[in-house]
Amino acid sequence: MSEITLTIDGKECKGNAGDTILQVAQKHDIYIPTLCYLEGLSPMGSCRMCVVEVEGSNKLLTSCTTPAQDGMVVFSKTEKLFNYRKQILELLFAGRNHFCMFCSQSGDCELQRLAIEHGMDSVRYPYLYHDFDNDATSEHLQMDHNRCILCGRCIRVCAEKVGAHTLDLEQRGWNAKVISDLGEMLGNSETCVSCGACAQVCPTGTITLREFVYRGRRNDCDEVVESICPLCSMGCEIKGYVRTGSLARVEGSNLEGPDGGQLCHKGRWWLPESTERERVSVPMIREGSTFREASWEEALELAAGKLKAANSKGRAGAIVSGMSTDEELTMLNSVFKSSMNMEYMDCFSGNVLRGFKKGFKPFTEQGIRPFTAAHNILESDLVLTLEADPQEEAPVSASYVRVNTVRNGGKLANISTGGTPFKGITDVDLNIGSEDVLDLLTKLVEAVKTGKSETLENADAERLAIMLKDAEKPVIVLGGQLADDARKVTQAVNLAIVSGGTFDDGIATVPMVRSGNSLAALNTVVSDEPWVNEVDLDCLFVSSTGLVPETPESLEAMSMSRFCIIQTPYMVNPLVNMADVLLPAPAWYERSGHFCTLEGERRKINVLVPPKTELKGLSEIFGTITEKMGLPMNSSDVRPCENIYTSKVSPDKARTAVLEEV
Ligand code: SF4
Ligand code: SF4
Ligand code: SF4
Ligand code: FES
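Because the structure is a prediction, the values reported are computed rather than measured. (Residues numbered from 1 in each chain as written. Chains lettered and ligands numbered in written order. Predicted model: local features only at pLDDT ≥ 70, side-chain atom pairs only at ≥ 80, totals over all residues.)

Digging into the overall build of the chain
Item 1. Counting secondary structure elements, the chain contains 17 helices and 29 strands.
Item 2. In summary, the chain has a C-alpha radius of gyration of 28 Å against a globular reference of 26 Å for 662 residues, a match within 12%.
Item 3. Taken along the three principal axes of its C-alpha coordinates, the chain extends 85 × 70 × 50 Å.
Item 4. Evaluated residue by residue, the chain yields a buried proportion of 51% over its 662 residues. (Helix = DSSP H or I, 4+ residues; strand = E, 2+ residues; numbered from the N terminus. Rg over C-alpha atoms; globule rule 2.2 N^0.38 Å. Buried ≥ 20, exposed ≤ 12 C-beta atoms within 10 Å, placed from the backbone.)

Right under this line is the structure:
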C-alpha cells in the first residue's frame, strides 16, 4: 500500500492510498464533524456534515467519501464550512420534530451535540411539523420517525453486519422514511432478529432501546467498562455503562471487528435484565422446607464435612457452569481432581460438550485444532449448517452466515432434522431423520473424496457433494444436536478435511457450544463418560451463574443427590429449591477472569460493578473448604485453552479418522 502525503488545515498528514480524507484526518487527530459516517460501516455521504474545502476544487467535498490524494491541500475549519454545516443542522431540525426537551435521547444525541457545537440557538426555516408514526410495536425497540435524519446508519448496520436487511428507505425528499420489511411495523417484521444494533448506531432519539431509556444517558454514566458477554462462546465484546453502582446499559464494543460491535438479542436484553433479579445475599442452610441464614464459617464447615464424608466413599460429585472462567476451571480441576480424586465432575451442558470432545479427539491427537474461529465464516464460499440453529445457539455467528450469503455471495447449504435455520437464502436444504445424519455424512465424505456420488440417494445430496468438492473455503457449522453422537462430529470434521476446508488456525468447522466458556470446560471439567443422572451421590456441589436455565438432567442429578451445596447469584427456582446449603455467588458483572471464545481469542472479563455485599468467589470458597477438609490445595498444570487456539501441525496436514466407539 503506497503512502500519500497531504496537508489538512496546514498540517502535513500521511495516509495510505485508498484512505478517504476523513480517515487521514482522524489518523492525525483532526476533528471533522460527521453524522451519517460510522467507522465499520460503508460510507454513504448523505448528511454532508463532513464537507471540506480542497484547493483547486470549486465544490465542497464530503470527506467521508472523497479519496485522499497525494499533494492535496484540505481545509476543514473555514467560516464557509462552519456556516454551511450550521445550515444543514437547521434544515435537519426543521424537517422533523426535534424538540429536545421532550426526547429521551436529549443529552445523548449526536444531532443535538452538533447543533450546540455550531451555536445553533434558533432555526431560520419554517418547521414542517411532519406527523410520522412513532412505531412502538417491537417488544424492545421504539422507532419515532419524527426524529429521523435519514442518515442510513441503521439500514447499513442491519444489512452489512447483522445481515438481516430488515430496514430500508421508502419515498424521497421530505417524505422519505425508514421502513421495516416491505412497510411492516417493526414489531411485525419477519426478518428482524431483535439484536438492537440499529438502536446502538442511531445518532438521534429515533430508534431507542426501551429498557435503557431512563436508566441513564451515556454521558451521565460514571464509568464505561469493557468486558465480554458470557452467554455464548462467541464472547462478544461489550461496554457496560455504570451509573450510581448499577448497570445502565450494555452495548457492543468492537466496531472495527468482524462483528461490527453487534450483540444479539440475548446479550443486549438478558444481561441488563439479569441485574434486577433477586439475589442470594447470605449463606443459607436448609431447615425442613425453608432456609435459615448462616455465617460463611458455619455454611462452609457444613459443606466441607459433607463433601469429605461423601468423597471418602467415592460418592461426591460436582457440576459447574460452562460460564466459569478459565481461572475457576483450573482451580476446580485442582481441587476436585488433584486434591480430592473426585470421579464425578461435569458441566451443565456436559453431554453436548462430551460429544464434541470425543468427536474431535482423533484430530486433536494429530496435533490439529479441529475447528476454526467463527468469523472465518465470513471468508467462506460455502457454509454448511449441520443440525445447527446458529440464531439460537450463538446468534452473532448467524449474522456471519447471513452476511456471507447475502452480501459476500457465498453459498449456503443445510442438513437438519427439523426445519431450516436460514429460510429463503439456503441453496441446498436437506431435512432428514436424525437416524440418517451419520449415514449421509459418511456417504458425503466418500463422494467428495472419490468424486463418485452413486451412493447418495437424492439429487440435493448429490448437488451438495459437488458444491463441497468445488468449494475453496467451505466452513461447516456444527450444531449442538450433532454432538448427541460423537461419530457424527468426527464425520463432519472429515467432511471439512476432504472438501479442503482448513484455515491457518484449524479445520474449517465451527461448533455451536452455548455457554461462554464451554471450550475451556470441554478441556477441563467435562468427564469422559456421562454420569450425571446415572449415579446416586451423597453430596453434590453445584456452581451456577444463574443466567440460563439448568439442563433437566442436571436438575435430576441434584434431586437424586442426598445433599446439595449450591452456589448461585440469583434466588431462582427450581435450582434454589434443590439446595441444602445455599451459597451466594458473584453475578456475571461482578466477576473477572478469562474465557476461551469461538472467535479464537482468550478474552478478558472485567468487573463491571463491584458486589454490594460480601461475596466469595469459587477460589475463596474452595480455599476454605479444602483447609477444613485437611486437604492440600494442589497446584494444577491444566491449561483450559490448550488445543483450543493452537494447531501444533499445519491444519492442511489433517487426516480423516474413523470413530467406532461411542
Ligand atoms: S433490531 Fe437488528 S435485525 Fe432488527 S432492524 Fe434493528 S439491526 Fe435490523
Ligand atoms: S433511524 Fe436513526 S440511524 Fe436510522 S436513518 Fe433515522 S436517524 Fe439514522
Ligand atoms: S452472540 Fe453470544 S456472546 Fe454475542 S451477544 Fe449473543 S449471547 Fe452474547
Ligand atoms: S458524515 Fe460524511 S456525508 Fe455524512
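Following the structure, the description resumes.
Side note on the pairing of strand 13 (residues 246-252)
Item 1. Most of strand 13 sits inside the fold, with 6 of its 7 residues counted as buried.
Item 2. Pairing geometry for strand 12 (residues 237-243) and strand 13, over 6 bridges, is antiparallel. Bridge pairing links isoleucine 238 to glycine 252 in strand 13.
Item 3. In this structure, the hairpin formed by strand 12 and strand 13 is closed by a connection of 2 residues, where threonine 244 is found at a positive phi of approximately 40°. (Pairing = 2+ DSSP bridges.)

A short note on helix 14 (residues 486-498)
Item 1. Relative to the 18 Å expected for 13 residues at 1.5 Å per residue, helix 14 spans 19 Å between its end C-alpha atoms, a close match to the ideal helical length.
Item 2. If you check which residues of helix 14 are buried, you get Ala486, Lys488, Val489, Thr490, Gln491, Ala492, Val493, Asn494, Leu495, Ala496 and Ile497.
Item 3. At the exit of helix 14 stands glycine 500, carrying a positive phi of roughly 80°. (Expected span 1.5 Å × (residues − 1).)

Details of the site of ligand 1
Item 1. Around ligand 1 sit 13 residues in total, of which Cys158, Ala164, Cys192, Cys195 and Cys198 are the nearest.
Item 2. Among the residues making up the shell around ligand 1, the classes are represented as 10 nonpolar, 3 polar and no charged. (Near = placed C-beta within 6 Å. Nonpolar A, V, L, I, M, F, W, Y, C, P; charged D, E, K, R; others polar.)

Focus on the sheet that holds strand 2 (residues 11-16)
Item 1. Overall, mixed pairing links the 5 strands, which are arranged 2-1-5-3-4 in an open sheet. Looking along the sheet, the strands with just one partner apiece sit at the ends: strand 2 and strand 4 (60-62). Shown here is a sheet whose adjacent strand axes are inclined to one another by a mean of 40°, direction ignored.
Item 2. Two elements, strand 3 (residues 51-54) and strand 5 (residues 73-75), share 2 bridges in a ladder whose sense is antiparallel. Directly across from valine 54, in strand 5, lies its bridge partner valine 74.
Item 3. Its contacts with the sheet put helix 2 (residues 79-95) on strand 3 and strand 4, and the angle it makes with strand 3 is roughly 155°. (Axes fitted to C-alpha atoms, helices over the stretch in contact; angles between N-to-C directions. Contact = placed C-beta atoms within 7 Å.)

Description of the site of ligand 3
Item 1. Inspection of the region around ligand 3 gives 13 residues, with Cys229, Cys232, Cys236, Cys264 and Gly267 positioned closest.
Item 2. Going through the elements one at a time, helix 6 (265-274) and helix 11 (395-407) are the ones with two or more residues in the shell around ligand 3.
Item 3. Looking at the shell around ligand 3 residue by residue, the classes come out as 10 nonpolar, 2 polar and 1 charged.

Re helix 16 (residues 552-560)
Item 1. Within the sequence span of helix 16, burial applies to Ser554, Leu555, Ala557 and Met558. All buried residues of helix 16 fall inside an arc of 155° around its axis, so they share one side. For helix 16, the exposed residues set more than 90 degrees away from the buried face come down to Pro552 and Ser559.
Item 2. Looking at the buried side of helix 16, the elements it contacts are strand 16 (316-320), strand 25 (539-543) and strand 26 (564-568). (Arc of directions from axis to C-beta.)

So, the packing of helix 7 (residues 296-312) against helix 17 (residues 618-629)
When two helices pack together, their arrangement is given by the angle between the helix axes and the distance between those axes.
Item 1. Running from N to C, helix 7 and helix 17 cross one another at 60°; their axes reach a closest spacing of 9 Å. Here helix 17 runs oblique to helix 7, going by the angle between their axes. Once helix 7 is placed against helix 17, the crossing between them reads as right-handed. Residues Leu300, Glu301, Ala303, Ala304, Leu307 and Lys308 of helix 7 form the contact with helix 17, whose participating residues are Ile621, Thr624, Ile625, Lys628 and Met629.
Item 2. For the contact of helix 7 with helix 17, the class distribution of residues is 7 nonpolar, 1 polar and 3 charged. (Parallel < 35°, antiparallel > 145°, perpendicular 65-115°, else oblique. Left-handed = near helix turned anticlockwise from the far one by under 90°.)

Some thoughts on the pairing of strand 9 (residues 177-180)
Item 1. Direction of pairing for strand 8 (residues 167-170) relative to strand 9: antiparallel, over a ladder of 4 bridges. Looking at the pairing, glutamate 170 lines up with lysine 177 of strand 9.
Item 2. If you look at the hairpin formed by strand 8 and strand 9, you'll find 6 residues sitting between the two strands, and glutamine 171 has a positive phi there, around 65°.

Examining the domain arrangement of the chain
Item 1. Each assigned domain of the chain is listed with its residue range as follows: domain 1 (3-77), domain 2 (102-109 + 122-274), domain 3 (284-349 + 518-564 + 576-629) and domain 4 (354-512).
Item 2. The straight-line distance from the C-alpha centre of domain 3 to that of domain 4 is 34 Å.
Item 3. If you look at the interface, domain 3 gives 6 residues, while domain 4 gives 9 residues.
Item 4. For the side of domain 3 that touches domain 4, the per-class residue count stands at 4 nonpolar, 1 polar and 1 charged. (Domains from an automatic or database assignment.)

Topic: the sheet that holds strand 7 (residues 141-144)
Item 1. Strand order in the open sheet formed by 3 strands is 6-7-10, and the pairing between neighbours is antiparallel. The sheet terminates laterally at strand 6 (134-135) and strand 10 (207-209), the two strands that pair on one side only.
Item 2. The pairing of strand 6 with strand 7 spans 2 bridges and is classified as antiparallel. Along strand 7, the bridge assignment pairs aspartate 135 with methionine 143.

Considering the environment of serine 274
Item 1. Looking at the secondary structure, you find serine 274 in helix 6.
Item 2. For serine 274, a count of 18 C-beta atoms within 10 Å gives the class partly exposed.
Item 3. For the pair formed by serine 274 and leucine 38, sequence separation is 236 residues and the distance between their alpha carbons is 30 Å.
Item 4. Filtering out sequence-adjacent residues up to four positions away, serine 274 remains in contact with Leu547 and Ala587.

Brief notes about the environment of arginine 249
Item 1. Of note, arginine 249 is situated in strand 13.
Item 2. Each C-alpha atom, one on arginine 249 and one on lysine 361, is 41 Å from the other, the two residues being 112 residues apart in sequence.
Item 3. Residues in contact with arginine 249, not counting those within four places in the same chain, are Phe212, Arg215, Tyr241 and Pro272.

A word on unusual backbone geometry
Peptide bonds are, in most cases, trans, and in most cases residues other than glycine have a negative phi.
Item 1. Here asparagine 573 and proline 574 are connected by a cis peptide whose omega angle stands at 10°.
Item 2. Within the secondary structure, proline 574 sits in the loop between strand 26 and strand 27 (581-584).
Item 3. Positive phi values are uncommon outside glycine, yet tyrosine 129 reaches one of about 45°.
Item 4. Examined against the element boundaries, tyrosine 129 turns out to sit in the loop between helix 3 (110-117) and strand 6.

Details of the packing of helix 9 (residues 350-364) against helix 14
Item 1. One can describe the packing of helix 9 onto helix 14 by two numbers: an axis separation of 7 Å at closest approach and a directional angle of 45°. Our classification of the angle between helix 9 and helix 14 gives oblique. Once helix 9 is placed against helix 14, the crossing between them reads as right-handed. Contact residues: Gly355, Phe356, Lys358, Gly359, Phe360, Pro362 and Phe363 in helix 9; Ala486, Val489, Thr490 and Val493 in helix 14.
Item 2. Residue composition of the contact of helix 9 with helix 14, grouped by class: 7 nonpolar, 3 polar and 1 charged.

Section: the environment of proline 390
Item 1. One can find proline 390 in helix 10 (residues 390-393).
Item 2. The sequence separation of proline 390 and aspartate 470 amounts to 80 residues, and the corresponding C-alpha distance is 24 Å.

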